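So the chains spell out like this:
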Amino acid sequence: MSSAPAARDLANAIRALSMDAVQKAKSGHPGAPMGMADIAEVLWRGFLKHNPANPHWVDRDRFVLSNGHGSMLLYSLLHLTGYGVSLDDLKNFRQLGSPTAGHPEFGDAPGIETTTGPLGQGFANAVGMAIAEKMMAAQFNRDGHAIVDHNTYCFMGDGCMMEGISHEAASLAGTLGLGKLVAFYDDNGISIDGEVEGWFTDDTVERFRAYGWHVIPNVDGHSAQEVKLAIENARKNTDQPTLICCKTIIGFGSPNKQGKEESHGAALGDDEVALTREALGWKHGPFEIPDEIRNAWDAHDAGAEKEAAWQQRFDAYRAEFPELADEFLRRMRGELPADFDQRADAFIAECQQAKEKVASRKASQNTLDAFGPGLPELTGGSADLGGSNNTVWKGCTSISADDCSGNYIHYGVREFGMTAAMNGICLHGGLRPYGGTFLTFMEYARNAVRMAALMHQPNILVYTHDSIGLGEDGPTHQPIEQIANLRMTPNLSTWRPCDTVETAVAWKHAVKRDDGPTALIFSRQGLPCMDRDDAVLANVAKGGYTLLQTGDGQPEAIIIATGSEVELAVQAAEALGAAGKNVRVVSMPSVDTFLSQSRDYQEAVLPAAVRARVAVEAGITDYWYRFTGLDGKIVGMTGFGASAPAGDLYKHFNITAEAVQAAVESVI
Ligand SMILES: Cc1ncc(C[n+]2csc(CCOP(=O)(O)OP(=O)(O)O)c2C)c(N)n1
Ligand SMILES: [Mg+2]
């Protein structure tokens, strides 16, 4: 009778699959998977609550591989435990169309909770997931009914620790007391350039203790027993997040490359792979997993049992709280309340009627006041600019370590950490995060914005103080190239509304979007509300539309404007109209939305034959050449702003109705 395989042999299955897949692809990172295999074996076989047959089970533990270059570790785990990742998929590691991409990509294979690779961000995603768990638990659990009760586990390497975002995310996690977050630090002393002691000498243990974390130091990452004890201790502490610091050897098992940077990011080579097999005592060929190892890894039965136990708990909950149970499922499915469209449209019509002159940031807050009561999933926040971003609406209640039942997160001055955490909140499900900062400081968060778009997550990014119009704070705070930058990001929807109506429409679009993020760009200064009849009002949602025209038929010229500059365009058009010119003003709050309309619609708004075009926006001019072509003119910024009252700046930089009028006259 053969005994159950030893933990080391089970971990060696990960090592073999990882080094073989990297060898076959002649590309990839064997070191981290081989170094963390023992930790992964203990966590995944002994603790992780998951069901390979249902990767979307709402109360599964979340697992994030923040050191995403070690992707073969995750693919091996998914394959071995029984997710839909086949041996052929492993053999096609890093090939076109394979679910086993270079770095784990959300949506490519079941069981990948987030896209990782940009170091440190996976950790911040994990913090967001743990925030979401804690908030959903506080909102939905009832005495004796813990239907939301799962851990978030995160692997991270030296690179994640060195990245600044690890500070933002860890600091916030400590303050919020995310007791169900457990991170593992792969302390192998190696990064790409070699031994890290030349560039990374932090006392990581004391650093995380200072954040308020529970830290378990000096764990031998190759001792299954020590790792098991550490995880048990981590799980016992439900008040603080835990960091388990594991000493490991990168490339463990490779006689000539373990412990060295050579094993970090290149195939070991055929000879070394053979030597490693020998050293590990792994007697099986490439991609060959013996039955007893496979059976020991298979998580189908255990997973089905765990989910069934949860289902039983959920059924008991549903029996006692039927409406709450339905609401929970609705929110986890990401479905909006049935009456959302109707409520939103009623508010949009109200805005048109009221014709209030307010800053669009204030219009945004008014919209939140209108939409918020019907959208309990809406989860606000700001990077310490709540009063400036106007992200706090009447129904906001802040969360804290002791009480997470609210709907507003004070992220602190942590734009990148906030945005990456919001991605994690989206990925977790059940909440719809929006978070604010000044548009200029979007750049601090830039890569998390990109990751939201890449992962198709409906993150709502609120950016106020959108131009030189913010005035006296000066050029450090005045965005110039940021709007263009956002517009050039694939799958990001960008809106810069000109008044209360466009603001409400933009919010409706953002809330309804389910396959990508939306950037909402708002002014600090007051903006008049435009006149629109019903037909024009209906076109606002198309992202670009004819707001007015001073004559009939084909216009002589078209002015394209966004946000605060629509007012200038209208003034210029009216002056030109009074002089007998037939000029059209196109308001273009969302270029991407306009470009997603039919060609006929686009042609009706911007007839190709009309080449006398002027664009006006208090941002970098370059973006608009796409619409004005070589014959057109652009009124906007070509350099940085300055510190002065907004009105003076508009005159100084020649962004005025007169300038727009002159530009039109010059192109007609
Ligand atoms: C933000 C970011 N910067 C740089 C890289 C490129 N990169 C990938 S792995 C790595 C070194 C990581 O070192 P460590 O986390 O210690 O990984 P190990 O070598 O131990 O596997 C770097 C610089 C990246 N993926 N993301
Ligand atoms: Mg390392």
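Residues numbered from 1 in each chain as written. Chains lettered and ligands numbered in written order. Predicted model: local features only at pLDDT ≥ 70, side-chain atom pairs only at ≥ 80, totals over all residues. Heavy atoms only, no water.

### Focus: the overall build of the chain
So, point 1. Each helix and strand counted, the chain has 27 helices and 20 strands in total.
So, point 2. Taken against the 2.2 N^0.38 rule, which gives 26 Å for 668 residues, the C-alpha radius of gyration of the chain at 28 Å falls within 12% of a compact globule.
So, point 3. Residue pairs in contact within the chain that sit at least 24 positions apart in sequence constitute 77% of those at least 6 positions apart.
So, point 4. Carbon and sulfur atoms form 49% of the exposed surface of the chain, whose accessible area is close to 24,800 Å².
So, point 5. When the 56 basic and 85 acidic side-chain charges of the chain are each reduced to a single mean position, those positions are 2 Å apart. (Helix = DSSP H or I, 4+ residues; strand = E, 2+ residues; numbered from the N terminus. Rg over C-alpha atoms; globule rule 2.2 N^0.38 Å. Contact = heavy atoms within 4.5 Å. Areas by Shrake-Rupley, 256 points an atom, 1.4 Å probe, with all protein chains shown as cover. Lys, Arg positive; Asp, Glu negative; His and termini not counted. Charge placed at Lys NZ, Arg CZ, Asp CG, Glu CD.)

### Examining the nonpolar core
So, point 1. In this structure, Tyr434 and Trp507 are the most contacted members of the largest nonpolar core, which totals 79 residues.
So, point 2. Discounting residues that sit within four places of it in the chain, Trp507 has contacts with Ser364, Thr367, Leu368, Phe371, Tyr434, Ile460, Val462, Leu520 and Phe522.
So, point 3. Counting residues in each nonpolar core, the second largest holds 72 residues, with Phe123, Ala124, Met451 and Ile483 among its members. (Core = buried A, V, L, I, M, F, W, Y, C linked by side-chain atoms within 4.5 Å. Buried < 20%, exposed > 50% of the residue type's maximum accessible area, 1.4 Å probe, protein only.)

### Thoughts on the coordination of the magnesium ion (ligand 2)
So, point 1. Here the magnesium ion (ligand 2) is held by the protein donor atoms Asp158 (OD), Asn188 (OD1) and Ile190 (O), which lie 2.1 to 2.2 Å from it.
So, point 2. Summarised as a motif, the one-chain spacing of the donors to the magnesium ion (ligand 2) is D-x29-N-x1-I.
So, point 3. Residue Ile190 is classed as buried on the basis of its relative accessible area, which comes to 6%. (Donors = N, O, S within 2.8 Å, 3.2 Å for Na, K, Ca; no water.)

### Here we look at the site of ligand 1
So, point 1. Residues in close proximity to ligand 1 total 15 residues, the closest being Gly117, Gly159, Asn188, Ile190 and His264.
So, point 2. A distance of 2.8 Å separates an oxygen atom of ligand 1 from a polar atom in the side chain of His69.
So, point 3. At 2.8 Å from a nitrogen atom of ligand 1 is found a main-chain nitrogen or oxygen belonging to Gly117.
So, point 4. Protein coverage of the free-state accessible area of ligand 1, which is 590 Å², stands at 74%.
So, point 5. Elements supplying a minimum of two residues to the shell around ligand 1: α6 (158-162) and β4 (190-191).
So, point 6. The class makeup of the residues in the shell around ligand 1 is six nonpolar, seven polar and two charged. (Near = heavy atom within 4 Å. Polar contact = N/O pair within 3.5 Å; in protein donor to acceptor, adjacent residues only side chain to side chain. Nonpolar A, V, L, I, M, F, W, Y, C, P; charged D, E, K, R; others polar.)

### Topic: the pattern of salt bridges
So, point 1. Enumeration over the complete set of coordinates arrives at 27 salt bridges.
So, point 2. Of the charged contacts in the structure, one is a salt bridge between Glu133 and Lys180, with a shortest N-O distance of 2.9 Å. Taken as a pair, Glu133 in helix α5 (residues 121-140) and Lys180 in the loop between α7 (164-175) and β3 (181-187) lie far apart in primary sequence, 47 residues in all.
So, point 3. Its salt-bridge partner being Lys228, residue Glu232 comes within 3.3 Å of it at the nearest N-O pair. One end of the pair, Glu232, and the other, Lys228, are both in helix α9 (residues 224-236), four residues apart, so they sit about a helical turn from each other.
So, point 4. Accessibility expressed as a relative area gives 29% for Glu232, which makes it partly exposed.
So, point 5. Residue Lys228 is classed as partly exposed on the basis of its relative accessible area, which comes to 36%.
So, point 6. Overlapping salt bridges bring together Arg8, Arg15 and Asp38 as one network. (Salt bridge = Lys/Arg side-chain N within 4 Å of Asp/Glu carboxyl O.)

### As for the pairing of strand β14 (residues 518-521)
So, point 1. Burial of the side chains of β14 extends over both faces: Thr518 and Leu520 are buried on one face and Ala519 and Ile521 on the other.
So, point 2. Where strand β12 (residues 460-464) meets β14, four bridges bridge the pair, whose relative direction is parallel. Of the residues in β14, the one forming a bridge with Ile460 is Thr518.
So, point 3. Two elements, strand β13 (residues 493-495) and β14, share three bridges in a ladder whose sense is parallel. What sits directly across from Ser493, in β14, is Thr518.
So, point 4. A crossover links β13 with its parallel partner β14, the connecting element being helix α20 (residues 500-512), and its sense is right-handed. (Pairing = 2+ DSSP bridges. Right-handed = clockwise from strand over helix to strand, strands pointing away.)

### Concerning a negative patch on the surface
So, point 1. Negative charge collects at one region of the surface, where Asp193, Glu195, Glu197, Glu261 and Glu262 lie side by side.
So, point 2. Locating Glu262 in the fold gives a position in the loop between β7 (242-247) and α10 (270-280). (Patch = residues over 30% accessible without salt bridge, like charges linked within 9 Å, V, L, I, M, F, W, Y side chains within 5 Å.)

### Looking at the sheet that holds strand β16 (residues 545-549)
So, point 1. The five strands lie next to each other as β16-β18-β17-β19-β20, forming an open sheet whose pairing is mixed. Each end of this open sheet is capped by a strand with a single partner; those strands are β16 and β20 (633-637). With strand direction ignored, the average angle separating the axes of adjacent strands in the sheet is 20°.
So, point 2. Sheet analysis places β16 next to strand β18 (residues 583-587), joined by four bridges and oriented antiparallel. The residue of β18 that forms the bridge with Gln549 is Arg584.
So, point 3. The strands touched by helix α22 (residues 566-578) are β16, β17 (557-561), β18 and β19 (613-620); relative to β18, the strand with the most contacts, the crossing angle is about 170°. (Axes fitted to C-alpha atoms, helices over the stretch in contact; angles between N-to-C directions.)

### A word on the packing of helix α1 (residues 7-25) against helix α3 (residues 71-81)
So, point 1. Relative to each other, α1 and α3 sit at 120°, their axes nearing to 9 Å. Here α3 runs oblique to α1, going by the angle between their axes. Relative to α3, the crossing made by α1 is right-handed. Here Ala13, Ile14, Leu17, Ser18, Ala21 and Val22 of α1 lie close against α3, whose contacting residues are Met72, Leu73, Ser76, Leu77, His79 and Leu80.
So, point 2. In terms of residue class, the contact of α1 with α3 is made up of nine nonpolar, three polar and no charged. (Parallel < 35°, antiparallel > 145°, perpendicular 65-115°, else oblique. Left-handed = near helix turned anticlockwise from the far one by under 90°.)

### A word on the sheet that holds β14
So, point 1. Strand order across the open sheet formed by six strands is β10-β9-β11-β12-β14-β13, with parallel pairing between neighbours. In the strand order of this sheet, the two ends are held by β10 (408-410) and β13, each with one partner. Here the average twist between neighbouring strands, direction ignored, is 20°.

### Topic: the packing of aromatic side chains
So, point 1. Per the counting criterion, the structure on display carries 23 aromatic pairs.
So, point 2. Taking 5.9 Å as the distance between ring centres and 40° as the angle between the ring planes, the aromatic pair formed by Phe123 and Trp213 counts as tilted. Taken together, the residues span a long stretch of sequence, with Phe123 in helix α5 and Trp213 in the loop between α8 (204-210) and β6 (214-220) at a distance of 90 residues.
So, point 3. On the accessibility criterion, Trp213 (2% relative accessible area) is buried. (Phe/Tyr/Trp six-rings, centres within 6.5 Å; stacked < 30°, edge-to-face > 60°.)

### Regarding α22
Think of an α-helix as turning once every 3.6 residues; residues three or four places apart then point the same way.
So, point 1. For α22, which comprises 13 residues, the first-to-last C-alpha distance of 18 Å matches the rise-based estimate of 18 Å (1.5 Å per residue) to within 8%.
So, point 2. Among all positions in α22, only Val566, Leu568, Ala569, Val570, Ala572, Ala573 and Leu576 are buried.
So, point 3. At its buried positions, α22 is contacted by β16, β17, β18, β19, α26 (646-652) and α27 (657-667).
So, point 4. Among the residues trailing α22, Gly580 stands out with phi positive, at a value near 90°. (Expected span 1.5 Å × (residues − 1).)

### A word on the packing of helix α14 (residues 340-354) against α20
So, point 1. Relative orientation of the contacting elements α14 and α20 amounts to 165°, with a least axis distance of 8 Å. With respect to α20, the element α14 is oriented roughly antiparallel. For the pair α14 and α20, the sense of crossing is left-handed. Across the interface between the two elements, Phe340, Asp341, Ala344, Asp345, Phe347, Ile348, Cys351 and Gln352 from α14 touch Thr500, Val501, Ala504, Val505, Lys508, Val511 and Lys512 from α20.
So, point 2. Looking at the contact of α14 with α20, its residues break down into nine nonpolar, two polar and four charged.

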